[in-house]
Amino acid sequence: MAIRVQLDRLLVARRMSPSELADRVGLSASNLSILKTGEARAIRFTTLDALCRELDCQPGDLFGYESGSAEVLADDPGEDELE
Amino acid sequence: MRALGPGSVSSLLKLVLDVIAFALWASLALLLVAAFVALLLPVDLDLWRRIMEDTGVRMAMQARGPVFTVGLLALAAYVGVVLYIVHRLQRIFQTLTIGDPFRPRNVFRLRAIGFSLAGLEVINYGARMVSGWAFRDQVEDVRFNLNLTAWFAVLVVFVLAEVFREGARLRQEADLTI
């Protein structure tokens, strides 16, 4: 996906750890990681609202768009082992 | 009573499937042993004929031990395919019991069930044709009957597989919505 979530830069600027941000926003560490690594397919407005509140930023500060990035569509059988 | 999750209708049906699977394994083992014995030992077909008449089976069998063995092996193959279907259903109901039906793997399991149901019909037709040829002097006319209900069920199962595929896709979207 061409949309990039720029959480790392903001975490450094606010001197906050990812786990601390996850606690404040009400996300699990794994969900925050999914957001940071760009694996997320969508974000709720309630989550966006909480992130902007805790990081004291605008929604536009959180995202960037890199044109020309290839979008990889996952369509694998999933986590279950083959039987 | 809930349909999904622990202690639901799904868990009860899974228990029923476990019992059916056990019975099918036992039947398969008996059929294979009987086929092996039929091949090695002389068969008292008069006794078999009396047993079949007493149980209401109309067909009369000729003294053909190897054909009898092939018949038992065909029946064992039929039971084997049914066992495979039940095993796939057990796996599907396992996911229903934990309340998580829309797993991508269930799509493949449903398709496997669809193909297996079609395979059962093919085995059925093949067995009818072979028995009609092997026992043509004794057996009544073996007619080719298209079982529309069975083939309709095959199509329904494939459609269900696509429904589950869409469900798995929506579930993945929901999981990756933060």
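Please read these numbers as outputs of a predicted model, since none were measured by experiment.

Engineer: When you look at a nonpolar patch on the surface in this model, what are you seeing that I'm missing?
Structural biologist: Residues and elements named next belong to chain B. Together, Val 33, Phe 36, Val 37, Leu 39 and Leu 40 make up a nonpolar patch on the protein surface, roughly 490 Å² of accessible area in all. On the secondary structure map, Phe 36 appears in helix α1 (residues 9-40). Since its relative accessible area comes to 52%, Phe 36 is described here as exposed.

Engineer: Is there a simple way to think about the side chain of Lys 14 of chain B in this case?
Structural biologist: All names here are of chain B. Along the chain, Lys 14 turns up in helix α1. Taking relative accessible area as the criterion, Lys 14 reaches 18% and is therefore assigned buried. Setting aside residues no more than four positions away along its own chain, Lys 14 makes contact with Gln 90, Phe 93, Gln 94 and Thr 97.

Engineer: How should I be thinking about the nonpolar core in this particular structure?
Structural biologist: In terms of nonpolar packing, the biggest core is built from 22 residues, with Leu 7, Leu 21, Leu 32, Leu 35, Leu 51, Leu 55 and Leu 62 of chain A touching the most fellow members. Listing elements by their share of this core, those giving two or more residues are α1 (7-13), α2 (18-25), α3 (29-36) and α4 (45-55) of chain A. For this core, the element with the most residues is α4 of chain A, which contributes five residues. Those residues in contact with Leu 55 of chain A that sit more than four places away from it in its chain are Leu 7, Leu 10, Leu 11, Arg 14, Met 16, Leu 21 and Leu 62 of chain A. Core analysis: the second largest hydrophobic core is formed by 15 residues, Leu 17, Leu 24, Val 86 and Leu 96 of chain B among them.

What counts and how
- Residues numbered from 1 in each chain as written.
- Chains lettered and ligands numbered in written order.
- Predicted model: local features only at pLDDT ≥ 70, side-chain atom pairs only at ≥ 80, totals over all residues.
- Heavy atoms only, no water.
- Patch = residues over 30% accessible without salt bridge, like charges linked within 9 Å, V, L, I, M, F, W, Y side chains within 5 Å.
- Areas by Shrake-Rupley, 256 points an atom, 1.4 Å probe, with all protein chains shown as cover.
- Salt bridge = Lys/Arg side-chain N within 4 Å of Asp/Glu carboxyl O.
- Helix = DSSP H or I, 4+ residues; strand = E, 2+ residues; numbered from the N terminus.
- Buried < 20%, exposed > 50% of the residue type's maximum accessible area, 1.4 Å probe, protein only.
- Contact = heavy atoms within 4.5 Å.
- Core = buried A, V, L, I, M, F, W, Y, C linked by side-chain atoms within 4.5 Å.

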